[in-house]
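# Report on the structure
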Amino acid sequence: MAEQTRDGGLVFYVNGKKITEKNPDPETMLLSYLRMKLWLTGTKYGCGGGGCGACTVMVSRYDPQNKIITHFSVNACLLPVCQLHGASVTTVEGIGSTNTKLHPVQERIAKAHGSQCGFCTPGMVMSMYTLLRNNPQPSLDEVTEALAGNLCRCTGYRPIVDGYRTFCESKKCCQVNGTACCMANENRSEDAAVISEPELFSKDGLLPLDPTQDLIFPPELMRLAETQERITQKFSGERMTWFCPGSLDELLQLKADYPQAPIVMGNTNIGLDMKFKGVFHPVLISPTRVLELFKVTEKPEGVCVGAGCSMSVLKGVLEKTIRSFPPENTHTFRALLQQINLLGGQQIRNVATLGGNIVSAYPNSDLTPVLAAGRCTLVALSKEGRRRVAIDKDFFLGFAKTALKPDEIVLSVFIPASRKDEVVHAFRHAPRKENALATVNAGMRAWFNENSNVVKEISIYYGGVGPTIVSAEVVCQHIIGRPWEDATLSDGYRALIDDITLEASAPGGKVDFRRSLTLSLLFKFNLLVQQYLQEKNVTQKEIPNEMQSVIQPLPKHIQPSYQEFQDVVEAQPSQDPVGRPVVHRTALSQATGEAVYCDDLPHTDGELFLAIVTSSRAHAKITHIDFGESLKTPGVVDVITADDIPSKKFRTFIGFDEDLLTESEVTCVGQTICGVVADSKAHAKRGAASVKITYEDVQDRIFTLEEAIEKQSFYLPEWKIERGDVGKGLNEAEQVHEGEIRIGGQEHFYMETQSFLVVPVGEEKEMKVYLSTQHPTMTQEAVAETLGIPSNRVSCHVKRVGGAFGGKVTKTSVLASITAVAAWKTGRAVRCVLERGEDMLITGGRNPVWGKYKVGFMKNGRIAAADFQYYANGGNTGDESVLVVEKILLHLDNAYNIPNLRGQSVACRTNLPSNTAFRGFGVPQCMLVIENMISDVALKLGRLPEEIREINMYKEVSLTHYKMEFDPENLVRCWNECKEKADILRRRQAIDIFNQQNQYKKRGIAIVPIKYGVGFSEGFLNQAAALVHIYKDGSVLVSHGGIELGQGIHTKVQQVASRELNIPASLIHICETSTESVPNTCPSAASFGTDANGMAVKAACQILYERLEPIRKQNPKATWQNWVMTAFLERISLSATGYYRGHDLYMDWKKQEGRPYAYFTYAVCCSEVELDCLTGEYRTLRTDMVVDIGRSINPSIDIGQIEGAFMQGLGLFTMEELKFSPSGVLYTRGPGQYKIPAFCDVPLKFKVYLLANSSNPHAIYSSKGIGEPCLFLGSSVFLAIKDAVAAARKDAGLTEPFTLNSPATPERACLACSTRFTKMVLERKAESASGSSQPWALDI
Ligand SMILES: Cc1cc2nc3c(=O)[nH]c(=O)nc-3n(C[C@H](O)[C@H](O)[C@H](O)COP(=O)(O)OP(=O)(O)OC[C@H]3O[C@@H](n4cnc5c(N)ncnc54)[C@H](O)[C@@H]3O)c2cc1C
Ligand code: FES
Ligand code: FES
């Protein structure tokens, strides 16, 4: 066949510069090309699988037929470079920079405080930039749609929305801010009469959108497109050959020559298979230049769409078709459009193709059930000819299998117009509202006899309930030929429950829920058809009022947010930044992609990459390791095993040892065994994949807490604390209740995965370690001990960290030590950057906790006694789990004064990857236990939970259960203000009315307080040091022991130094945190970073300020620069260290008393949700919080921490679920399977109030630590869901307390609602329980 290579090879542009690649490697994706070859490191790696948006760039192409240029956002991690011929790529570096000119999308996200750690920011910027290139005045819905494929783990999204809504056109806009829309703050008039209130983000002076700033599409590419010879391009890499045919004939010939070669279009399926499932294809065919695949033809009978059309193109086609066809003929088009709007994120829709979606034959494709139900057909084409094939059950043969012959391609898909009297609907339920594959979806069609409700034809297809889509044929047989009425449908539901069955072991789990969803979706279809027939006057039967909302979507429009904080006093000098909402000091660099993260450091000559090999068994002896194949892999330089460790082979955390590399026995899947070093990441990974390990399983595997308790598999000590006499209290109580709740674990999902670069200096055994950690000193010590060298030879350097949340302390030191061994052994710089899946597998997360309680209470709601027992799943090593369960006992009372209180806690040793610190360190888990207990008491007494909370809250100066005195005045103020601001009394009534009027939609509300102890109970961890240099030009360099994790510590420290030295913040620089400049640092954790490091910097600055005092006195009118130079000439040292000793905190467990915290941060949060009881889907309608953080040093940063923590808590308590297989393998290893909150999860009304007139004598400038406390406030959403579920259960006659474990996923919420459909499923399950197989996932 014709396999000609274009002489010019691949031609494309990046940021206006031409690139010619003679023979690109088909395995290279644009992301690594940008980062490794062009050194454009602004585009980030977050997941590598299209699920996070960190790698978003804009691709522009010229269409010579229609003479238009199209711009679309794409995930660079999935875009093969070989597909770029003729394209112009724009990255974050190409649109603006701090050195030249910023682009408004960069400026606004930064100034609106939408960038914390900044790792997601370039991706956000590029999604928004692409939207504006296509639509300079988008609506807010369009903004959130464009950003739906971008994840952020820090901000909580609200500030990003607020920053970007300034681009929205609004008819109501007063235009006072020029092109910026004043509506961004319209709420202020609603909430605050006083216009002069301080604002977090001023829209004055924002750069206007200026299209002349944009790079033009390269004219050369236009010429190329116009004159392009359509001949096959062929590129050959190390292992793969890539063909890009220029014509349909060539494509068919290639397919005949290489029938097993896949067609690569959007690469969103095949790319994932190759990357994550190890699928290898020696030949790939990418027909993106075959015009016939993109042809769209509208006919009277329907529309024919080329199989190569992307979802975005298909969306446009359907929108146009819907406009041009009579409404009654558009049912199928509308149903498809509805699915496409929710398919993936924008970047995926821009590349994923119709043909690819069909041929991938996903069991939960959103399109195929609708295409099948909607009578669609496709044209299959090969050299042998063409055939028209129905897209139906006979086409889909099984998982990822279709009836297409190997040499056939799909040319086009015909979507017929719906006929008169025909109704088509699509349904989809997913674990997250947007950018998530459906759990169950469906396409349903009914065709009626003319002017009748008798069903002539019916088709029902489900996705997500089998290996491929499933036709509910038995149901259809029960309905066809019968009138559409309740009796018919009731038969249909009964038939469905037998028609669609799922084994307990069915992949994906959630069996009862999925079965229940099939019924609920059919019920929704029933109501939609009733509505249709009624509108057509075919039937008079109306949908009952209480059912109307079943077919209404949940509310989704984000309203303006609101933040209230206290302004600085008028007398404060304007130069003094303390207390002002100063923008994160490197937000602009983050938004332009200039900010440097560990893996952005330039590669050096001879640098090697380390890939880590981990165990695939949960508990086994290693009998043999064979490196033979691995060492033969091209590029592999060496293998690193425990034998290569020169000195200490393990780390000890809290008394428990953890091997760096395991030699003999593995105790979890994901344990580090050895490493492979090679000249590139790809080679190292291939080498690692070729290491063959032979195991001998050890039978006593422990995964669940029940198993651990039964086998007494604990990390001791077991903690215990008691106040009063619990036994007596329980005896004397009027009622006693026992309950429990399980809180699942949580993955940190910091956007930047664990990253290390270890550089041997080459003399005197010095090692430089660049890494992403919260605790450089721990790594320094670990590396030194591992290599057997003193700490003074190891320096750790951290510029910034792309999110950490507790996950970059212990495991980071282990991984850094392994990387250091590789650098030591090879004598070369070694880089190790974990892939997202590896990171999730190896590094563990938050401990799952099982909390059980017995509570005694009085009829008046007063709790007399409570007895708690907590078990935390620690995993295979001790790590910090013992301290987590200690902290659990110190916070078990939350905000409640229970006279007789007892708690016991223990961490369990299991064969799962070890868990570790996570924002809140056990506190969110234990607080949910007590809040759940209070909800139970309220249900028992038939009272409102908020009443029980208020009755039992600490109200006056009190002692905690560990005898620490505190004054809860501000807790009570927060409570009262939150009740008032949230207007909870009135809203409770409105919710009651709503719930009476709606059977399957329920609303719920909850208000929760927190009392959170700040600081480390181990006193020595509260110390900090700083080093401040003043240079002769007056500029100041501050170094301190805190790490910039996105929490804004450097910004706050800069504010502190500015105040203390009385100079503008612009003169102060903070370069990196290094063990060279500040030794013996403590971790940036426990919400104590600014408290400690701020004080140390303050001390250093005060020393310097005093040293300059005589000079200032001599010449008070001189400038700072003059004083500094004079001081230098007078030989006054311009460098000082500052030290902060910290509070003497302690906890004496023998005496059961102590002062483990410096002070408490208080807050109260109220959230309201609307729940769809049929699907368990919910929406947070409104959240109000009042937070006491003393006097905020920087309200924008503090509010950012509050909102971000809240959203992370919302994720913990309502959506984030880690799933393990029965043999202990983590299934959830990326954003595809593990859902963190996205834009769609932001409360529709989100209001944050910082408590006014609060102060705190225990911390710098009267502020309070805020990083962790507010995470628990996300539980208000959990409790509101529980409240809504309780309302549903009440309808079902169930009023007693019930168990709803956390997270309250749609699955759990739906099943707890006890609707007629969940009951049907559970009853049928009980009837057939005998033969049930092992569940797909463990309940750990
Ligand atoms: C992050 C993410 C989110 C997603 N979310 C959703 C979602 O919510 N709903 C949903 O339905 N899907 C979702 N998907 C799946 C996505 O829709 C499909 O992967 C996509 O449609 C496949 O199209 P593609 O062009 O990328 O196919 P490719 O990956 O390029 O190819 C996939 C397969 O199709 C074959 N193929 C492609 N075109 C043809 C053709 N014309 N003729 C014959 N064979 C062909 C290839 O040989 C290959 O086997 C998601 C994917 C990702 C990565
Ligand atoms: S890195 Fe590309 S989408 Fe996550
Ligand atoms: S700022 Fe978005 S991930 Fe950190």
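Residues numbered from 1 in each chain as written. Chains lettered and ligands numbered in written order. Predicted model: local features only at pLDDT ≥ 70, side-chain atom pairs only at ≥ 80, totals over all residues. Heavy atoms only, no water.

Where helix α32 (residues 1089-1114) meets helix α33 (residues 1120-1129), the closest approach of the two axes is 10 Å, and the angle between their N-to-C directions is 110°. Our classification of the angle between α32 and α33 gives roughly perpendicular. By crossing handedness, the relation of α32 to α33 is classed as right-handed. Residues L1108, I1111 and R1112 of α32 form the contact with α33, whose participating residues are W1120, W1123, T1126 and A1127. Tallied by class, residues from the contact of α32 with α33 come to five nonpolar, one polar and one charged. (Axes fitted to C-alpha atoms, helices over the stretch in contact; angles between N-to-C directions. Helix = DSSP H or I, 4+ residues; strand = E, 2+ residues; numbered from the N terminus. Parallel < 35°, antiparallel > 145°, perpendicular 65-115°, else oblique. Left-handed = near helix turned anticlockwise from the far one by under 90°. Contact = heavy atoms within 4.5 Å. Nonpolar A, V, L, I, M, F, W, Y, C, P; charged D, E, K, R; others polar.)

Moving on, we get to helix α17 (residues 511-535). Owing to its 3.6 residues per turn, the α-helix aligns residues three or four sequence positions apart on the same side. A rise of 1.5 Å per residue sets the reference length of α17, with its 25 residues, at 36 Å; its end C-alpha atoms lie 36 Å apart and thus fit the reference within 8%. Counting buried positions over the 25 residues of α17 gives 22, a clear majority of the element. Following α17 by one or two positions, N537 has its phi on the positive side, about 60°. (Expected span 1.5 Å × (residues − 1). Buried < 20%, exposed > 50% of the residue type's maximum accessible area, 1.4 Å probe, protein only.)

Right, let's talk about the UniProt feature "active site" (unreviewed entry) in the chain for a bit. Per the UniProt entry, the sites bearing "active site" (unreviewed entry) are E1268 in this numbering. By the element assignment, E1268 lies in the loop between β50 (1245-1250) and α35 (1275-1291). Given a relative accessible area of 10%, E1268 falls into the buried group. Excluding residues within four positions of it along the chain, E1268 makes contact with K887, R919, G920, F921, Y1012, A1086 and S1087. Of note is the side chain of E1268, whose polar atom sits 3.2 Å from the side chain of Y1012. (UniProt positions renumbered as here; feature names shortened; annotations may be inferred. Polar contact = N/O pair within 3.5 Å; in protein donor to acceptor, adjacent residues only side chain to side chain.)

What follows is about the site of ligand 1. Every one of the 34 residues lining ligand 1 counts as a neighbour, but M265, G266, T268, T353 and D366 are closest to it. Separating an oxygen atom of ligand 1 from a backbone N or O atom of N269 is a distance of 2.8 Å. Burial of ligand 1 by the protein chains amounts to 93% of its free accessible area of 970 Å². Counting residues per element, the ones that place at least two in the shell around ligand 1 are α9 (270-276), α13 (354-360) and β15 (409-416). In terms of residue count, α13 provides more of the shell around ligand 1 than any other element does, five residues in total. Per-class residue counts for the shell around ligand 1 are 19 nonpolar, 13 polar and two charged. (Near = heavy atom within 4 Å. Areas by Shrake-Rupley, 256 points an atom, 1.4 Å probe, with all protein chains shown as cover.)

It is worth spelling out the sheet that holds strand β28 (residues 692-697) at this point. If you walk across this open sheet you meet the three strands as β26-β22-β28, and the pairing is antiparallel. The sheet is open, and its two edges are formed by β26 (665-666) and β28, each paired on a single side. Two elements, strand β22 (residues 620-626) and β26, share two bridges in a ladder whose sense is antiparallel. Note on β26: the bridge partner recorded for A620 is V666. (Pairing = 2+ DSSP bridges.)

Within this structure, the stated rule accounts for 12 cavities of 30 Å³ or more. Estimated volume of the largest cavity: approximately 130 Å³. Its residues placed into classes, the lining of the largest cavity shows nine nonpolar, five polar and two charged. (1 Å grid on protein atoms, 1.4 Å probe; cavity = no way out; pocket = protein on both sides within 12 Å on 5 of 7 lines; lining within 4 Å. Points joined across faces, edges and corners; volume = space filled by probe spheres on them.)

When two helices pack together, their arrangement is given by the angle between the helix axes and the distance between those axes. Contact geometry for α17 and helix α36 (residues 1306-1313): axes closest at 10 Å, N-to-C directions at 70°. Relative to α36, the element α17 is oriented roughly perpendicular. The crossing of α17 and α36 is left-handed. Two secondary-structure elements touch here, α17 through D512, F513 and S516 and α36 through P1306, E1307, C1310 and L1311. Across the contact of α17 with α36, the residue classes tally to four nonpolar, one polar and two charged.

Further remarks concern the pattern of salt bridges. Enumeration over the complete set of coordinates arrives at 84 salt bridges. In this structure, D600 and R35 form a salt bridge, with 2.7 Å as the shortest nitrogen-oxygen distance. In this pair, D600 is assigned in the loop between α18 (587-592) and β21 (608-614) and R35 in helix α1 (residues 30-37), connecting sequence segments 565 residues apart. Owing to a relative accessible area of 9%, D600 belongs among the buried residues under this scheme. (Salt bridge = Lys/Arg side-chain N within 4 Å of Asp/Glu carboxyl O.)

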